[in-house]
Amino acid sequence: MCLRDKRSLHDRASCVFCAFLANRRGRDIVYEDEEIAAFVDRKPRASVHYLVIPKEHIVGVETLTEEHGQLLGRMMRVSKEISRDSNSHQPARYGFHLRPFRSVSHLHLHCLVPPFRSWKDNLRYLPRSPWFITAEALYKKLTGESPLQLKPSTFASV
């Protein structure tokens, strides 16, 4: 468990994603295995908007280490798999909000398939902005490897 200080203990106790995983309230899970779960965002900002989260309470991207590379790679593969069947001709966006811009202190990968609901929503998930880091950039930062080197998906169909 990734509990680094007393604030992390409080975050886990009050975390909406941890409570959701414990109680399965309100959201449909589209993918789940022993380490991660994916579900539809309750306030979608694009035509398709999934969240992929680790079951372990990890506060955010700033607490990740190189050891989390494998978990991040799995989260990326799942996000691409569940968004693959969208009918959009625009490329999907995969990424994380950075502190202080994230709304929930539990690591969550946004999987968004345009069109966005509004221009503000497009801006909220803008790659290379000070508030949003793409999953690919984070993976490369953590591991030093390109996400193209990730092994093909090994999980069962979603």
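Residues numbered from 1 in each chain as written. Predicted model: local features only at pLDDT ≥ 70, side-chain atom pairs only at ≥ 80, totals over all residues. Heavy atoms only, no water.

Further remarks concern unusual backbone geometry. Here R99 and P100 are connected by a cis peptide whose omega angle stands at 10°. Among the structural elements, P100 can be located in the loop between β4 (93-97) and β5 (109-116). Along the chain, P114 connects to P115 via a cis peptide bond; the corresponding omega equals 15°. Inspection of the secondary structure puts P115 in strand β5. Despite not being glycine, R128 shows a phi value in the positive range, around 60°. Secondary-structure assignment places R128 in the loop between α4 (119-124) and β6 (132-134). The exposed category is assigned to R128, whose relative accessible area is 79%. (Helix = DSSP H or I, 4+ residues; strand = E, 2+ residues; numbered from the N terminus. Buried < 20%, exposed > 50% of the residue type's maximum accessible area, 1.4 Å probe, protein only.)

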